[in-house]
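# Observations on chain architecture
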Amino acid sequence: MKIGIVCYPTFGGSGVVATELGIELSKKGHEIHFITYSQPVRLDALSKNLHYHEVNVPDYPLFKYEPYELALSSKLYDVVSKHKIDVLHVHYAIPHAYAAYMAKKILDENGYNIPIITTLHGTDITLVGNHPFYKPAVTFSINKSDIVTCVSKSLRDDTREFFGIKRDIKVIPNFIDIEKYSKKHLLFERNIIAQDKEKIIVHISNFRPLKRIIDVIKIFEKISQKINSKLIMVGDGPDKKKAKDFLRKNNLKNKVIFLGKTNEIDEILCSSDLFLLPSEKESFGLAALEAMALKVPVISSNVGGLKELNINGNSGYTSHVGDIDSMSNNAIEILSNEKLKNTFKNQAFENAKKYDIKKVIPLYEEIYSEALTKSN
Ligand code: GMT
């Protein structure tokens, strides 16, 4: 099948999922065309089955805002008609589902029928999409997609509730390549970042307010009063300065390392004892799944898709948003007992196996076939 994939090519979870999906589909013999404004970060090599088409928005002094949706629709029209694409799969509703619908209409005028699959990832629904400025256009484009999928049951329910949408929405969870991760267990020399007896606690995110990175530090502060430990903060974003100020004021600077954006996430997780994700909203929590796949127990909030992924008392623990005491007590319980920690580590890995790429990719292939059948 020839599949066009539209996504945000940056470090965000939706872009990572879309890229890994495209790469895996290409290995299965599908011809994949990424249509994005820059080459997706995890797409390091193009091949016979993997193509990349850049969307350009030229500067023009008249425009206060460059019309990206327009450029994307035109590019989609070009790529779909030139390469005879069978289905178009857009990740993140804003503005991708809207631009895809416009491209579909233009193609239709030219006698070309292209089914559109929209995958909702989270903030396109729970944060940005339901703002009155965007809501009518987002509702319209979700309703007009041929098939809609989302990454957790919680996100499906939120989409129905926030947009009053009644149509079928399929849940296809995010995934990881378990085989690849199994090979990485014990990969990293832990004493590069911590002393031998120090426990390593990790947080990975884009440091946006909804990730609550001050909670991460407060939880760590309580843990470190009882357990010799170090906190590794991976990522970058708007709350980084606030976090650094907090560390300075609370004399925690020497115990916390900021690693910035890195592609070495697996290596860091391999040598970690615990992963913290106390988010205010989280439709899935891909970073937590990556941690679980590398046998790292997760301490998280119990919001959205996180409570579907992180099984309380099994792969880690979940608590209410902002409950620093509960999260730090749970963390201390796991970290202070080596046998218990190993049980949680193994359980985290067992749970991650449910999200193996080999189980999830066929679900996408099924919906591509369904979309094709429906549109013919
Ligand atoms: O978490 C973010 O802020 C990034 C965002 C994105 O658009 O990439 O992540 C969303 O999609 C990921 C992939 O499906 C999910 O794992 C994240 O839970 C989801 N983020 C939120 O719902 C806040």
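Residues numbered from 1 in each chain as written. Predicted model: local features only at pLDDT ≥ 70, side-chain atom pairs only at ≥ 80, totals over all residues. Heavy atoms only, no water.

## What about the overall build of the protein?
Cut-off, in case you're wondering: Think of it this way: any DSSP run of H or I at least four residues long counts as a helix, any run of E at least two long counts as a strand, and we number them from the N terminus. Two things to know: the radius of gyration comes from C-alpha atoms, and the globule rule equals 2.2 Å times the number of residues to the power 0.38. Only protein chains enter the accessibility calculation, which uses a 1.4 Å probe; a residue whose area is less than 20% of its type maximum is buried, one above 50% is exposed, and one in between is partly exposed. When charges are counted, neither His nor the chain ends are considered; positive counts come from Lys and Arg and negative counts from Asp and Glu. A charged residue contributes its charge at one atom only: NZ of Lys, CZ of Arg, CG of Asp or CD of Glu.
Check the secondary structure of the protein and you find 15 helices and 13 strands. On C-alpha atoms alone, the protein measures out to a radius of gyration of 21 Å, which is about the 21 Å that the 2.2 N^0.38 rule sets for 376 residues. For the protein, the spread of C-alpha atoms along the three principal axes comes to 70 × 45 × 40 Å. Among the 376 residues that make up the protein, the fraction classed as buried is 56%. Between the averaged position of the 52 positive side-chain charges in the protein and that of its 45 negative side-chain charges there is a distance of 3 Å.

## Notes on the packing of aromatic side chains
Going by this rule: The aromatic pairing rule takes the rings of Phe, Tyr and Trp, using the six-membered ring of Trp, and pairs them if the centres are within 6.5 Å, calling planes under 30 degrees apart stacked, those over 60 edge-to-face and the rest tilted. Any Lys NZ or Arg CZ found within 6 Å of a ring centre and within 35 degrees of that ring's normal is scored as a charge over the ring.
On inspection of all chains with the given rule, the structure shows 8 aromatic pairs. Between Phe284 and Tyr355, the ring centres sit 5.7 Å apart and the planes meet at 80°, which makes this aromatic pair edge-to-face. Placement of Phe284 in the loop between strand 11 (274-277) and helix 11 (286-293) and of Tyr355 in the loop between helix 14 (338-352) and helix 15 (357-375) is noted, with a sequence separation of 71 residues between them. Both residues of the pair, Phe284 and Tyr355, count as buried. A cation over a ring is seen here: Lys244 above Phe258, with NZ or CZ 5.0 Å from the ring centre.

## Points about the pattern of salt bridges
Here is the rule we go by: When a carboxyl oxygen of Asp or Glu lies within 4 Å of a side-chain nitrogen of Lys or Arg, that pair is called a salt bridge.
Enumeration according to the criterion identifies 19 salt bridges in this entry. A salt bridge links Lys341 to Asp273, with the nearest nitrogen and oxygen atoms 2.6 Å apart. Taken together, the residues span a long stretch of sequence, with Lys341 in helix 14 and Asp273 in the loop between helix 10 (265-270) and strand 11 at a distance of 68 residues. Asp273 matches Lys341 in its accessibility class, with the two residues each being buried.

## Considering helix 2 (residues 68-83)
The cut-off we apply is this: To estimate the expected span of a helix, count its residues, drop one, and scale the result by 1.5 Å. Contact definition: two residues touch when any of their heavy atoms are within 4.5 Å.
For helix 2, built from 16 residues, the straight-helix expectation of 22 Å at 1.5 Å per residue is met to within 8% by its first-to-last C-alpha distance of 22 Å. Taken as a whole, helix 2 has its buried residues at Tyr68, Ala71, Leu72, Ser73, Leu76, Val79 and Val80. Looking at the buried residues of helix 2, the elements they touch are strand 1 (2-6), strand 2 (31-36), strand 3 (50-54), strand 4 (87-91) and helix 3 (96-109). After helix 2 finishes, the residue Lys84 shows a positive phi value of roughly 55°.

## Description of the nonpolar core
Formally: To define a nonpolar core, start from buried Ala, Val, Leu, Ile, Met, Phe, Trp, Tyr and Cys residues and group those joined through side-chain atoms within 4.5 Å.
If you look at the biggest cluster of nonpolar residues, it comprises 92 residues, and the most contacted ones within it are Val202, Leu269, Phe275 and Tyr368. Within the second largest apolar cluster, 29 residues are counted, among which are Phe246, Phe258, Tyr317 and Ala331.

## Focus: the packing of helix 8 (residues 213-226) against helix 9 (residues 240-249)
In plain terms, the rule: A fitted line through C-alpha atoms serves as each axis, taken over the contacting stretch for helices, and the angle formed by two N-to-C directions is quoted from 0 to 180°. Each angle gets one of four labels, with under 35 degrees taken as roughly parallel, over 145 as roughly antiparallel, 65 to 115 as roughly perpendicular, and the rest as oblique. In this scheme the handedness of a crossing depends on how the near helix is turned from the far one: anticlockwise by less than a right angle means left-handed, clockwise means right-handed. Gly is put with the polar residues, along with every residue not named as nonpolar or charged; the nonpolar set is Ala, Val, Leu, Ile, Met, Phe, Trp, Tyr, Cys and Pro, and the charged set is Asp, Glu, Lys and Arg.
The contact between helix 8 and helix 9 brings their axes to 9 Å, and the two run at 25°. On the basis of the axis angle, helix 8 is roughly parallel to helix 9. Viewed along their axes, helix 8 and helix 9 form a crossing whose handedness is right-handed. On helix 9, the residues that touch Ile213, Ile214, Ile217, Lys218 and Glu221 of helix 8 are Lys240, Lys242, Ala243, Phe246 and Leu247. Looking at the contact of helix 8 with helix 9, its residues break down into 6 nonpolar, no polar and 4 charged.

## Quick look at helix 3
Compared with the 20 Å implied by 1.5 Å per residue over 14 residues, the 20 Å span of helix 3 between its first and last C-alpha is a close match. Of all the residues in helix 3, the buried ones are His96, Ala97, Ala99, Ala100, Tyr101, Ala103, Lys104 and Leu107. Close packing links the buried residues of helix 3 with strand 1, helix 2, strand 4, strand 5 (116-120) and helix 5 (135-144). Phi turns positive, to about 75°, at Gly111, one or two residues after helix 3.

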